[in-house]
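Fold and geometry: a report
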Amino acid sequence: MPVTMDTLVSLSKRRGFIFQSSEIYGGIGSCWDYGPLGVELKQNIKRIWWRDYIQRRPDMVGLDASIIMHPTVWKASGHVDNFTDPMVDCLECRHRFRADKVDEMPWVHYCAATKGNKFTIPAGEACSHCGERRTQCPDCGKGRLTAPRQFNLMFKTFMGPVEEDAALTYLRPETAQGIFVNFDNVAQSMRRKLPFGIGQIGKAFRNEITPGNFIFRTREFEQMEIEYFVNPRDTVEGKPADEYWHERWIADSLAWFQRYGLRAENLRLREHEKDELAHYAKRTADIEYYFPIGWSELMGIANRTDFDLKQHAKFSGKALTYFDEERKEHVVPYVIEPSAGVDRALLAFLADAYQEEEVRGEKRVVLRFHPELAPVKVAVLPLLKKREDIVRTAHTVRDTLARHWAVVYDDTAAIGRLYRRQDEVGTPYCVTVDVQTVGDSDKGESADGKVTIRDRDSMEQARVPIDALSTVFLDLLNGGAWSAVASKYPAAKA
Ligand code: GAP
């Protein structure tokens, strides 16, 4: 059974992944804080994205542009005029809704034809008694809704100490524009030839009318965006270059999410209909994920054509072109934009990793994170915290492994409980230091210098010399199979 959002919210709070922002003040709508494990998970997502797309590819470079940009950027990009959602207000309770979403909610109706009886009418349906369609508030059921009006989603702010129109600017609603306005700077300074891409990770802000569903839709979020510039005059494998690269980026993006653990059956592509395409797009395909709220957008891959570069050239008066040496002409590149939300990616990885299973009559909750994503890679656990030599050895092991990976030490419960805790936060391996490791002089038993490694997924255990730990984890955490460890080292009793 797919995990529910409530389960993820509760686990996230309990185990230090995600907390409601400003919770001690009653919280603030749709803002979330990433706790100690959440921030590790988020950093891991961003790190592998940056490594795979920016560092490993010869045709990509990175950028970190300012969040606050010249206000004309947003005029040129079309956001001042077009980045709006239709909004309706309830005249009674003053709640606000996206007009296009209101019909998707069931609504409370006090029906005049039945002496004001209260009914909950299913989404999209009319009252079967009076025939009235939704004109009333889905929350209070009494107030009438206003006619829709356009609401701009950009957060306004003022530069400098004087709040006047001249100082008005915006928090960026997408990271993309920072890339477009730097196109020439990057192309010139890095001597780039088409096709090439610029990637960026950073915060974006949208004053969403109906945020919600945990970190799925928030007003402050992070994006990982690529603008991939191609020569529209080129053809690749018989296709116009923009169409070829659009297909390539769709396939690459799908494969990337699968490589780090999202199951194929939970991913699908959805083409935007002509009437839902953004004002700049020739074609857009969304990668949707089967979130606990159902199929929803995880990322979008758009063909933005030459719209943005042309607009910025027009508004700034600076040419944003590329000189095509072969054809001896200036062209305005077309842009393919794979754009993913960090928070949505995190939610998808969390939901996909979550599993409940029964082990020896008890429920085990386990997050089967890909090792590269796991917030903690190894937990070092002393079997007896009263034995000073066991504790000391465990600390030494932790310190050695922590030079390479995120490693924790925990002695706050009995071993079975400690294993369950690590399973619940997705730690792929535990190392247990026990009496045999350090020996027992009272009983005349000498130290064997070995520890027990436990594999999260199979729960199998192997006895490995301390000296071999770094090599073993180097292999395991870089994609090596547990079976190789299990066949090389003797099994330890679970
Ligand atoms: N530059 C193109 C662009 O911003 P978008 O589809 O509006 O396109 C891209 O956003 C991605 O950013 C989405 O697929 C989603 O993952 C993430 N995103 C957008 N709005 C969001 C919000 N309010 N909260 C969390 N993530 C959001």
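In this text the structure is predicted, and so the values were computed from the model without any measurement. (Residues numbered from 1 in each chain as written. Predicted model: local features only at pLDDT ≥ 70, side-chain atom pairs only at ≥ 80, totals over all residues. Heavy atoms only, no water.)

**Topic: unusual backbone geometry**
Looking along the chain, the bond that leaves Leu194 and enters Pro195 is cis, with omega of -5°. Note on placement: Pro195 falls in the loop between α7 (183-189) and β11 (196-205). Residue Lys328 is not a glycine yet carries a positive backbone phi of 55°. Note that Lys328 resides in the loop between β18 (322-324) and β19 (329-331). A relative accessible area of 59% means that Lys328 is categorised as exposed. (Helix = DSSP H or I, 4+ residues; strand = E, 2+ residues; numbered from the N terminus. Buried < 20%, exposed > 50% of the residue type's maximum accessible area, 1.4 Å probe, protein only.)

**Observations concerning the nonpolar core**
Within the largest apolar cluster, 61 residues are counted, with the highest numbers of intra-cluster contacts made by Ile45, Trp249, Trp256, Phe257, Leu298, Phe349 and Phe369. Among the elements that line this core, the one with the most residues is helix α10 (residues 342-353), at 9 residues. With near-sequence residues (within four places) excluded, Ile45 lies in contact with Met224, Trp256, Val342, Ala345, Leu346, Phe349 and Leu373. Within the second largest apolar cluster, 28 residues are counted, among which are Val380, Val391, Ala462 and Leu476. (Core = buried A, V, L, I, M, F, W, Y, C linked by side-chain atoms within 4.5 Å. Contact = heavy atoms within 4.5 Å.)

**As for empty space enclosed by the protein**
A water-sized probe rolled over the atoms picks out the places where empty space is left. Inspection of the entire model under this criterion finds 1 cavity of 30 Å³ or more. Looking at the largest cavity, its volume works out to about 60 Å³. Per-element tally for the lining of the largest cavity: the top contributor is helix α8 (residues 241-259), with 4 residues. Of the residues in the lining of the largest cavity, the class split is 10 nonpolar, 1 polar and no charged. (1 Å grid on protein atoms, 1.4 Å probe; cavity = no way out; pocket = protein on both sides within 12 Å on 5 of 7 lines; lining within 4 Å. Points joined across faces, edges and corners; volume = space filled by probe spheres on them. Nonpolar A, V, L, I, M, F, W, Y, C, P; charged D, E, K, R; others polar.)

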